[in-house]
Amino acid sequence: MTENRIADNPWAWRDGHNPYRATPFQVLALSPETGGRGATRNHIRKRRQRIERRADRYPLFGRTLRVAEVNAAEDRIKDPAQRLLAQLCTHRPEPPTRPDRPEQPAQRDRSDDAAG
């Protein structure tokens, strides 16, 4: 008999918990593109200090973070599988458009049209 494995689905909502909110990257205010272990450790250390000193000034979706959440998020991004899952669940904001370069619609390659 096939068993329902929805609980194993990391993208499934559980008990009202949205898997796309409060990912480790969001808890740490860390971009998934941050390069290097040293830069990541330094950023996490600063984030932890901010939360220790004035957590009310750095809310996440209107909720005050605790240091334990920062520590748990750090542990999750240290694990390669957990980091990948967090990256997949983290919605990146669109890059801002530069006023000096308005976006141009993609040009279709017309070389195929000439051939045939």
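Source: prediction; values computed, not measured. (Residues numbered from 1 in each chain as written. Predicted model: local features only at pLDDT ≥ 70, side-chain atom pairs only at ≥ 80, totals over all residues. Heavy atoms only, no water.)

(A) Representation of the overall build of the protein chain in the model. Within the protein chain one finds five helices and zero strands. When the elements of the protein chain are put in sequence order from the N terminus, they spell out α-α-α-α-α. Per-residue burial for the protein chain yields a buried fraction of 25% across its 116 residues. A separation of at least 24 residues holds for 51% of the contacts in the protein chain among residues at least 6 apart in sequence. Working note: accessible area of the protein chain is about 9300 Å², and carbon and sulfur atoms make up 50% of it. (Helix = DSSP H or I, 4+ residues; strand = E, 2+ residues; numbered from the N terminus. Buried < 20%, exposed > 50% of the residue type's maximum accessible area, 1.4 Å probe, protein only. Contact = heavy atoms within 4.5 Å. Areas by Shrake-Rupley, 256 points an atom, 1.4 Å probe, with all protein chains shown as cover.)

(B) Geometry of the environment of Leu-30. Looking at the element boundaries, Leu-30 is found in the loop between α1 (24–28) and α2 (37–54). Using a relative accessible area of 5% as the deciding quantity, one classes Leu-30 as buried. Measuring from C-alpha to C-alpha, the distance between Leu-30 and His-43 comes to 7.4 Å, with 13 residues separating the pair along the chain. Discounting residues that sit within four places of it in the chain, Leu-30 has contacts with Phe-25, Thr-40, His-43 and Ile-77.

(C) Seen up close, the side chain of Glu-69. Position of Glu-69 among the secondary structure elements: in helix α3 (residues 67–78). Classification of Glu-69 as buried rests on a relative accessible area of 16%. Separated by 2.8 Å, the side chain of Glu-69 and the backbone nitrogen of Arg-66 make a polar contact. If we skip the residues at most four places from it in the chain, Glu-69 touches Val-27, Arg-63 and Thr-64. (Polar contact = N/O pair within 3.5 Å; in protein donor to acceptor, adjacent residues only side chain to side chain.)

(D) View of α2. The terminal C-alpha atoms of α2 lie 26 Å apart, and with 18 residues this matches the ideal 26 Å at 1.5 Å per residue to within 8%. For α2, the set of buried residues is Thr-40, Ile-44, Arg-47, Arg-48 and Ile-51. Seen along its axis, α2 keeps its buried residues to an arc of 100°; they face one direction. Turning to α2, the residues buried within the fold contact α1 and α3. (Expected span 1.5 Å × (residues − 1). Arc of directions from axis to C-beta.)

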